[in-house]
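Descriptive analysis of the structure
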Amino acid sequence: MVEASEIREHMEVVGADGVHVGKVDGVEGDRIKMVRKDEEHGQDDKHHHYVQLSAVTSTDGGKLWLSADAANAGQLFEEEDGSPVKLGENNSQR
């Protein structure tokens, strides 16, 4: 498992297939807080989404690699309260 200390702000988050999923805003406990806005990739969410640290497989190449490919990574995302993100509701990258 990846240690929280290995994760840096604005690190690119990619799926297991190497496709961009988002960027890191920070680490809060055992979850990674994703940035709301990622203009480079057309992402503009109304609030932050989170992913469990346990869903990260590595930080190779300065990127945060998830266990799911980009097409399925949205299923790993959570709202601030820990509930699953409802796909299709202002999730421009997911």
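All of the points below concern the structure found in this document. (Residues numbered from 1 in each chain as written. Predicted model: local features only at pLDDT ≥ 70, side-chain atom pairs only at ≥ 80, totals over all residues. Heavy atoms only, no water.)

It is worth spelling out the pairing of strand β3 (residues 31-34) at this point. Both faces of the sheet carry side chains from a regular strand, because those side chains alternate between them. Because side chains alternate across β3, one face comprises the buried residues R31 and K33, and the other comprises I32 and M34, equally buried. One ladder, built from four bridges, connects strand β2 (residues 20-28) with β3; its direction is antiparallel. Looking at the pairing, E28 lines up with R31 of β3. Following β2, the chain reverses through two residues before pairing antiparallel with β3; G29 in that reversal takes a positive phi of roughly 65°. (Buried < 20%, exposed > 50% of the residue type's maximum accessible area, 1.4 Å probe, protein only. Helix = DSSP H or I, 4+ residues; strand = E, 2+ residues; numbered from the N terminus. Pairing = 2+ DSSP bridges.)

What follows deals with the environment of G22. Tracing the backbone shows G22 in strand β2. Separated by 10 residues in sequence, G22 and E12 have C-alpha atoms that sit 6.1 Å apart.

All right, on to the pattern of salt bridges then. Inspection of the entire model under this criterion finds five salt bridges. A salt bridge links K23 to D38; the shortest N-O distance between them is 3.8 Å. With K23 in strand β2 and D38 in strand β4 (residues 37-38), this pair connects stretches of sequence that are 15 residues apart. With a closest N to O distance of 4.0 Å, K33 and D25 form a salt bridge. Using a relative accessible area of 25% as the deciding quantity, one classes D25 as partly exposed. When salt bridges with common partners are traced through the structure, they connect D25, E28 and K33 into a single cluster. (Salt bridge = Lys/Arg side-chain N within 4 Å of Asp/Glu carboxyl O.)

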